[in-house]
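Coordinates in review
One-letter residues, chain by chain:
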Amino acid sequence: MLMSTNESKDTLTGKMSTDDYIRFLESKLRWLEVEKERLKMQIKYYQTEIEKLLSPPLVEAIVIDVLDDGRAIVKSTTGPNLIVSVSEKIDKERLHPGMHVALNQRGSTIVEILPDYEDPYVKSMEVIERPEVSFSDIGGLKSQIQELKEVVELPLKNPDLFREVGIEPPKGVLLYGPPGCGKTLLAKAVAHEAGATFISIVGSELVQKFIGEGARIVREVFRLARKKAPAIVFIDEIDAIAARRLDIGTSGEREVQRTLMQLLAEIDGFRPLDNVKIIAATNRIDILDPAILRPGRFDRLIEVPLPDLNGRYEIFKVHTRRMKLRDVDLYELARRAEGATGAEIKAIVTEAGYNAIRDGRKYVTMTDFIKAVDKVMTKKYIRDNNMKYLDNKREKRLFSPIFQ
Ligand code: ATP
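Residues numbered from 1 in each chain as written. Predicted model: local features only at pLDDT ≥ 70, side-chain atom pairs only at ≥ 80, totals over all residues. Heavy atoms only, no water.

**Topic: the nonpolar core**
Our working definition: Residues belong to a common nonpolar core when they are buried Ala, Val, Leu, Ile, Met, Phe, Trp, Tyr or Cys residues joined through side-chain atoms within 4.5 Å. Residue burial is assigned from relative accessible area. The probe radius is 1.4 Å, only protein chains are included, and a residue is buried under 20% of its type maximum, exposed over 50%, and partly exposed in between. Numbering goes from the N terminus for both helices and strands, where a helix is a DSSP run of H or I of at least four residues and a strand is a run of E of at least two. Every residue pair with non-hydrogen atoms within 4.5 Å of one another is taken to be in contact.
In terms of nonpolar packing, the biggest core is built from 30 residues, with Val221, Phe222, Ile235, Ile238, Leu263, Ile292 and Phe298 touching the most fellow members. Within the residue set of this core, elements represented by two or more residues are β8 (197-202), α8 (214-228), β9 (231-236), α9 (239-242), α10 (251-268) and β10 (276-282). The greatest single-element share of this core, amounting to six residues, is contributed by α8. Every residue in contact with isoleucine 292, bar those within four places of it in the chain, is listed here: Ile238, Ala242, Leu260, Leu264, Arg297 and Phe298. With 26 residues, the next largest nonpolar core counts Val151, Leu186, Val190 and Ala281 among its residues.

The following block contains the structure:
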């Protein structure tokens, strides 16, 4: 009920003038209008939330074909191919085969076009038709290259020779050694030389990034390898799925075990002269499950060690091939870079190039390289010592009650 102006004026302030009182009421009105809008928005929000909660789930499908009469053939994830109509809301021009769409719950109409997403199988593996890297891009590692030529390249290129002589080459090769020393490079180069497709997966990603998908991805990788043969399947960090296990009680461990079982089943399913070869790599051969090293699996082990003086010299030679060098003694650099991995030598060469650019030169000098060796090797020294410190600390924690 409205109060009379005088009454309410008196009630509110006792001495507010009529004009002030009108202004007061106007501002109150404005505030109420704003409040009304806010509440309307809130109602709308809750209405859509209720709609979402009550709406039935949609069915995902992939468009196979768009028919002339405006309908479409789709493959639903629940089963058979369906001929469905297309909702008026959908822009029919945008529909094309391969697209992910949502069907209404009865599965009779396309009601939404879903955004493209990458298949986890595709994301989890790298497929290179024929890698660019060749054996001439590898410094040192001569005996490893020779062995890979015999056990991977030759059987892929000339299986008949093995049949005639009556011997079976190994199905799988395990490359082991410290990180950054050329394992991946070797696998890519042998694929290049054999004219094979290179398909690679990373063990740690299978268990950390694609949880629950490990075994299925392994199956897919080998299916793809058969299709693209001749092919090389490269499994980096195989220790993540093939480490010796004492206890497989947790669900995570069981999942890793399933992935390994699938891998072993795939390897066992090959004949040695099939045109798919498997190369795995690890920095931790000491922790591998002996099951994977049995004959007929990864029964050829090739060590890829830290390069020695000559190896470092060869790696310097490879990475400086396209550089303009002035008075650079690569042998002396190899001597100074004692303990460096191939990856670190590459970093040294890049850093030396930067030193020249910073100086406005297009050629690289010995001083550029010496500065670069110091920088990269100091960083390495600090990193290695930190690792040692952390390892010690971890060991003390494990074995000393004081640290527990
Ligand atoms: P990780 O265990 O970390 O995967 P890895 O042994 O597979 O290491 P690569 O990826 O092959 O090492 O090497 C990393 C990079 O280091 C290569 O891309 C290459 O540039 C350089 N490199 C390593 N070893 C050599 C080598 N012997 N000759 C030339 N370059 C090398």
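**Some details on the site of the ligand**
Rule in force here: In this text, near means that some heavy atom of the residue lies within 4 Å of the molecule or strand in question. Nitrogen and oxygen atoms within 3.5 Å of one another constitute a polar contact, given that in protein one can donate a hydrogen and the other can accept it, and given that sequence-neighbouring residues count only through two side-chain atoms. Working definition of accessibility: Shrake-Rupley area with a 1.4 Å probe, residue cover restricted to the visible protein chains. Residues are called lining when one of their atoms sits within 4 Å of a cavity or pocket point, these points coming from a 1 Å grid over the protein atoms alone, where a cavity is a set in which a 1.4 Å probe fits but cannot get out and a pocket is an open set with protein on both sides within 12 Å along at least five of seven lines. Cavities and pockets are treated as containing a molecule whenever more than half of the molecule's atoms lie within 2 Å of their grid points.
Surrounding the ligand, one finds 18 residues, the nearest of these being Gly139, Gly180, Lys183, Thr184 and His319. In the model, an oxygen atom of the ligand is placed 2.9 Å from a nitrogen or oxygen of the lysine 183 side chain. For the ligand, whose free accessible area comes to 630 Å², the fraction covered by protein is 80%. Most atoms of the ligand, that is more than half of them, are within 2 Å of grid points of the largest pocket.

**Comments concerning a nonpolar patch on the surface**
Operational definition: The residues that make up patches have over 30% relative accessible area and no salt bridge, and they are joined within 9 Å when like-charged or within 5 Å when they are Val, Leu, Ile, Met, Phe, Trp or Tyr. By salt bridge we mean one thing: a side-chain nitrogen of Lys or Arg within 4 Å of a carboxyl oxygen of Asp or Glu.
A cluster of nonpolar residues, Tyr45, Tyr46, Ile50 and Leu54, forms a patch on the protein surface that exposes about 490 Å² of accessible area. With a relative accessible area of 46%, tyrosine 45 lands in the partly exposed category.

**Thoughts on the pattern of salt bridges**
Side-chain pairs of opposite charge can arise whenever the charged atoms involved come near each other. One pass over the structure, following the stated rule, counts 21 salt bridges. For the salt bridge of lysine 375 with glutamate 351, the shortest nitrogen-to-oxygen distance reads 3.3 Å. Here glutamate 351 lies in helix α13 (residues 342-358) and lysine 375 lies in helix α14 (residues 366-399), a separation of 24 residues in the sequence. Using a relative accessible area of 41% as the deciding quantity, one classes lysine 375 as partly exposed. Look at glutamate 351 and you get buried, because its relative accessible area is 13%. Arginine 361 is the salt-bridge partner of aspartate 368, the closest N and O atoms lying 2.8 Å from each other. Where salt bridges share partners, they join Glu332, Arg335 and Arg336 into one cluster.

**Here's the deal with the packing of aromatic side chains**
Put simply, the rule is: In this analysis, rings of Phe, Tyr and Trp, with Trp reduced to its six-membered ring, are considered paired at centre separations within 6.5 Å, and the interplanar angle assigns stacked below 30 degrees, edge-to-face beyond 60, and tilted for intermediate values. Each ring is checked for a lysine NZ or an arginine CZ that lies within 6 Å of its centre and within 35 degrees of its normal; such an atom marks a charge sitting over the ring.
Per the stated rule, a full pass over the model turns up four aromatic pairs. For the ring pair phenylalanine 198 and phenylalanine 234, a centre distance of 5.7 Å and an interplane angle of 25 degrees mean the geometry is stacked. Taken together, the residues phenylalanine 198 in strand β8 and phenylalanine 234 in strand β9 connect sequence positions 36 residues apart. Each member of the pair, phenylalanine 198 as well as phenylalanine 234, carries the same accessibility label: buried. The ring of tyrosine 363 has arginine 326 sitting right over it, with the charged end atom 3.7 Å from the ring centre.

**Some words on the sheet that holds strand β11 (residues 300-303)**
Basically, it comes down to this: Two strands pair under a simple rule: DSSP has to find at least two bridges between them. Fitted lines through C-alpha atoms give the axes, limited to the stretch in contact for helices. The angle between two N-to-C directions lies from 0 to 180 degrees.
Spatial strand order, β6-β8-β9-β10-β7-β11: six strands in an open sheet with mixed pairing. Each of the sheet's edge strands pairs with one partner strand only, and the pair in question is β6 (126-128) and β11. If you compare each strand with its neighbour and ignore which way they point, the axes differ by 20 degrees on average. Looking at chain direction, β8 and β9 are connected through six bridges and run parallel. From the neighbouring strand, serine 200 faces β9, where its bridge partner is phenylalanine 234. With respect to the sheet, helix α6 (residues 183-194) is in contact with β6, β7 (172-176), β8, β9 and β10, its orientation differing from that of β9 by roughly 175 degrees. Along the sheet, α8 makes contact with β6, β8, β9 and β10, crossing β8 at roughly 175 degrees.

By themselves these figures say nothing about function.
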